[in-house]
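# Architecture at a glance
Each chain is listed here by its residues.
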Amino acid sequence: MSTRTNASKYAVFPNLDERAGFENFYGIDSSTGKITMRQGTDRVFVFSAKGWSVLVRRICSSFDSGADVIFFEMGQHYGSSIALGVKNEGADYERSIRRLIQRAIFSGWGKVSVSGNLPSGKNLALRLDGCVFCDGRKSSKPSCNFFRGILSGIAQTLYGRSFKVIEEQCIASGNQCCKFVLEEDPYSVYRIEPVIDI
Ligand SMILES: [Zn+2]
């Protein structure tokens, strides 16, 4: 396995101007009740961490280990749609990653830092401090399957190939933060363009 010593670390908010930019990120239209993102026109809604925690617990008790797959798939589709939006803006990788991190912060997921070779997609790792997805949860194993799916969807959309996303550490299982590594899937069957059979 290759070393990560040359990995570039990305500070999430290097300057205070961005931190203060929350109201510049979303707009609320009181006449329609809609909240939209200022960059683009995506409509969003707010979901409480407590509500999410209850939902995860219920789905896990109904579907047992199948719940991991359900949340992973949900995250994967969501991650793909976010990355597709950013990609369609035509930004380079560094700018795209920066926009995605910004999106994560303004979505309240936690404090994200990314390391690895972003242009090539090699040795990618991500740390999430204060992860909202396992907020208030206790689990014997890493359990942020929804976020794992988001990362998978984002990575495969950005790089055009599949990655195995492994959650190495999880706050729910007693670690300080949630940590993920992205390993290229050598058996990737993912294609950006749909394959049309003639
Ligand atoms: Zn976690």
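Small disclaimer: the values here were computed from a predicted structure and weren't measured.

## Focus on the sheet that holds strand β1 (residues 26-29)
Taken in spatial order, the three strands of this open sheet run β1-β2-β3, and their pairing is antiparallel. Since the sheet does not close on itself, it has two edges, and those belong to β1 and β3 (43-44), each with one partner. Note: strand β2 (residues 34-37) against β3, two bridges, orientation antiparallel. Residue pairing for β3: Thr 36 is matched across the bridge by Arg 43.

## Focus: the sheet that holds strand β7 (residues 178-184)
Paired through their backbone hydrogen bonds, the strands of a sheet run either parallel or antiparallel. Pairing is antiparallel in the open sheet, where four strands are placed in the order β4-β5-β7-β6. The open sheet terminates on both sides in strands that have one partner only, identified here as β4 (111-117) and β6 (163-169). Within this sheet the neighbouring strands show an average axis-to-axis angle of 20°, counted without direction. Its contacts with the sheet put helix α6 (residues 145-159) on β5 (122-129), β6 and β7, and the angle it makes with β6 is roughly 145°.

## Here we look at helix α4 (residues 66-87)
With 22 residues, α4 should reach 32 Å at 1.5 Å per residue; the first-to-last C-alpha distance of 31 Å fits that figure. For α4, the full list of buried residues reads Phe 71, Phe 72, Gly 75, Gln 76, Gly 79, Ser 80, Ile 82, Ala 83 and Val 86. Taken together, the buried residues of α4 touch α5 (93-106) and α6.

## Topic: α5
Helix length check: α5, at 14 residues, gives a terminal C-alpha distance of 20 Å against a target of 20 Å (1.5 Å per residue), a fit within 8%. Among all positions in α5, only Ile 97, Leu 100, Ile 101, Arg 103 and Ala 104 are buried. Relative to the axis of α5, the buried residues are bounded by an arc of 155° and lie together on one face. α5 presents Glu 94 and Arg 95 as exposed residues on the side facing more than 90 degrees away from its buried surface. Trailing α5 by a residue or two, Gly 108 shows a phi angle of about 80°, which is positive.

## Points about the confidence of the model for the chain
A residue-level look at the chain finds 84% of positions with pLDDT of 70 or above and a mean pLDDT of 84. At the level of individual helices and strands, the chain shows its lowest average pLDDT in helix α1 (residues 16-19), which scores 50, and its highest in β6, which scores 96. Under a pLDDT of 50 for its full length, residues 1-7 has, in the predicted model, eight contacts with residues more than four places off or in other chains. This model gives residues 191-198 a pLDDT under 50, and the stretch forms one contact once residues within four places in sequence are excluded.

## Points about the environment of Pro 119
Relative to the helices and strands, Pro 119 resides in the loop between β4 and β5. Here the alpha-carbon distance between Pro 119 and Ile 97, two residues 22 residues apart in the chain, equals 9.9 Å.

## Comments concerning the pairing of β5
With six bridges joining them, β4 and β5 adopt antiparallel strand pairing. Across the sheet, the residue bridging to Val 112 is Leu 128, located in β5. Across five bridges, β5 lies against β7 in antiparallel orientation. The residue bridging Leu 126 from the neighbouring strand is Phe 180, located in β7.

What counts, and at which threshold
- Residues numbered from 1 in each chain as written.
- Predicted model: local features only at pLDDT ≥ 70, side-chain atom pairs only at ≥ 80, totals over all residues.
- Pairing = 2+ DSSP bridges.
- Helix = DSSP H or I, 4+ residues; strand = E, 2+ residues; numbered from the N terminus.
- Axes fitted to C-alpha atoms, helices over the stretch in contact; angles between N-to-C directions.
- Contact = placed C-beta atoms within 7 Å.
- Expected span 1.5 Å × (residues − 1).
- Buried ≥ 20, exposed ≤ 12 C-beta atoms within 10 Å, placed from the backbone.
- Arc of directions from axis to C-beta.
- pLDDT = per-residue confidence, 0-100.

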